[in-house]
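# Structural overview for review
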Amino acid sequence: MTEQRAIVSGGGIGGLAAAVSLARTGWHVTVLEQAAVFWEAGAGLLVTRNGWRCLERIGAADAVIADGAVVRNLGVRDLDGGWVLQFADGPDLQAIGVHRRALHSALLECAAAQERITLLPGCRVIDAAPGQDRGAQATVVWLEDGETRVGHADLLVIADGAQSALRRTVDSAPTVSSGFSSWRAVVDDAVWPEATAQTWWGPGAEFSAQAIGGGKACWQATFRHDAGRGFGDDRSAARERFRDWPETVQDLVAATADGMLVRHDLFEVRPDAQTFVTGRAVLLGDAAHAMLPTLFQGANQALEDAVVLGHCLSRGLELGRALAEYDAQRRERTQKVAHWARAVTERGAGGGGRSIVGWMQAAGVTPGRSLKRAQRIFGWEPPTG
């Protein structure tokens, strides 16, 4: 039987998880990463229970837990301290707070341990053709050491992020500015000592914090802001933005050291993409469904994509049928999650001072209904059989 070969464009969380998932089902995988080394920037994140299950499936969960902290997601408060949505304790609402770099390192270690995976940093992909599922292979063109190189593969996984250079190979839905930006920072956990995660909603912004292990905690804020418009001093701007928020929020911002605050504009692939698959090419992670971070689902949905792709391609189906199954499973779910993330962000971070509780009551969005929707996201399990 001919060995099946895949090329993954992008060596981030989604790309590495996809490589491991495919290698574990027998594929030979080459991962092309633009950066000179495989490395992940950023701050902390939450691996919610759905993502946690994916890490277990590909053998990375123990390493991530060792470097992070198992936390309980308490829910969302308003600025007066009242609960907008309070989560009861339960296994589906547990999460792993972890530095993004630690999660990436765990996946990189898993990939490096697979004989079927070749990791190639310093490769900037500049073009691709999707091929045909029953015909020509996919073609990838990249620059490496100043030379143009061309590769062919039975499968091309496009996992090169929200600003993907290749997503047009599969679908024409654009990546657009969300109208929001975010601040993220890692601080010593003295100001956030408990193994919990929590969010506050207030005028024009939302603020979240969680433990991430190793004596550290992370906070992140999402707020309305025009893309491309910066601040003279982000730390001062953050202090000013949250000066009337609860004391814990102010303490977390104040504990942020100089040079440790990261800000970036947030982009979305609007949830009207018609397909995640064309020929032998498949979209995965932010390249497929970049979404707002309110529900902590960017990395978690990428992990789901990776596990489902590996499962679909392990069942002995003809390639076109396997990729169609991946598209059917992932596009509907991720677009629903992205839609809810946008709706929640509009009322939370984009609320403009409007009473969040009042809006929820007027819209019939009860805590019970919200909890059920959260459980549909966090309670997802990888396919079997």
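Here is what the cut-offs are and how they apply
Each chain has its residues counted from 1, following the order in which its sequence is written. Confidence filtering applies because this is a predicted model: local features only for residues at pLDDT of at least 70, side-chain atom pairs given and counted only at 80 or more, and all residues used for totals across whole chains, interfaces and linings. Where side-chain values are given, they derive from all heavy atoms of the structure, hydrogens and water being excluded. For every element, the axis is a line fit to its C-alpha atoms; helices are fit only across the contacting stretch, and the angle between N-to-C directions ranges from 0 to 180 degrees. Secondary structure elements follow DSSP: runs of H or I of four or more residues count as helices, runs of E of two or more count as strands, with numbering from the N terminus. Should an angle fall under 35 degrees it is called roughly parallel, over 145 degrees roughly antiparallel, and 65 to 115 degrees roughly perpendicular, with every other angle called oblique. Each crossing is labelled by how the near helix is turned from the far one, with a counterclockwise turn of less than a right angle marking it left-handed and a clockwise turn marking it right-handed. Residues are treated as being in contact if the distance between any of their heavy atoms lies within 4.5 Å. Strand pairing is defined by DSSP finding a minimum of two bridges between the two strands. Residues enter a nonpolar core if they are buried and are Ala, Val, Leu, Ile, Met, Phe, Trp, Tyr or Cys, with the set joined through side-chain atoms within 4.5 Å. Relative accessible area decides the class of each residue, using a 1.4 Å probe on protein chains only: under 20% of the type maximum gives buried, over 50% gives exposed, and in between gives partly exposed.

This next bit is on the packing of helix α1 (residues 13–23) against helix α4 (residues 100–112). Between α1 and α4, whose axes approach to 9 Å, the crossing angle comes to 25°. By the angle class used here, α1 and α4 are roughly parallel. Both α1 and α4 take part in a crossing whose hand is left-handed. Residue-level contacts link I13, L16, A17 and V20 of α1 to R100, L103, H104, L107, L108, C110 and A111 of α4.

One open sheet holds the six strands; their spatial order is β7-β2-β1-β11-β18-β17, and the pairing between them is mixed. Each edge of the sheet is formed by a strand with only one pairing partner; in this case those strands are β7 (117–120) and β17 (277–278). Of the strand pairs in this sheet, strand β11 (residues 155–158) and strand β18 (residues 281–283) are connected by three bridges, and their pairing is parallel. Pairing of L156 across the sheet is with A281, part of β18.

What follows concerns the nonpolar core. Within soluble globular proteins, side chains that are nonpolar tend to cluster in buried spots. Formed by 71 residues in total, the largest nonpolar core has its most connected members in L107 and V157. Of all the elements, α1 adds the most residues to this core, at eight residues. Non-local contacts of V157, meaning those with residues more than four positions away in its chain, are made with I7, V8, S9, A18, L22, V282, L284 and L309. Within the second largest apolar cluster, 27 residues are counted, among which are V71, W192, A211 and V253.

Here three strands make up an open sheet; going across it, the order is β8-β9-β10 and the pairing antiparallel. In this open sheet, the two strands that pair with only one neighbour each are β8 (123–129) and β10 (147–153). Sheet twist, expressed as the mean angle between neighbouring strand axes with direction ignored, is 25°. In this structure, β8 lies alongside strand β9 (residues 138–144), joined through six bridges in antiparallel fashion. The residue bridging C123 from the neighbouring strand is E144, located in β9.

A separate point is unusual backbone geometry. In this model, D145 sits at a positive phi of 55°, which is unusual for a non-glycine residue. Topologically, D145 is positioned in the loop between β9 and β10. For D145, a relative accessible area of 70% translates into the label exposed. Despite not being glycine, F296 has its phi angle at roughly 60°, a positive value. One can find F296 in the loop between α7 (286–289) and α8 (298–312).

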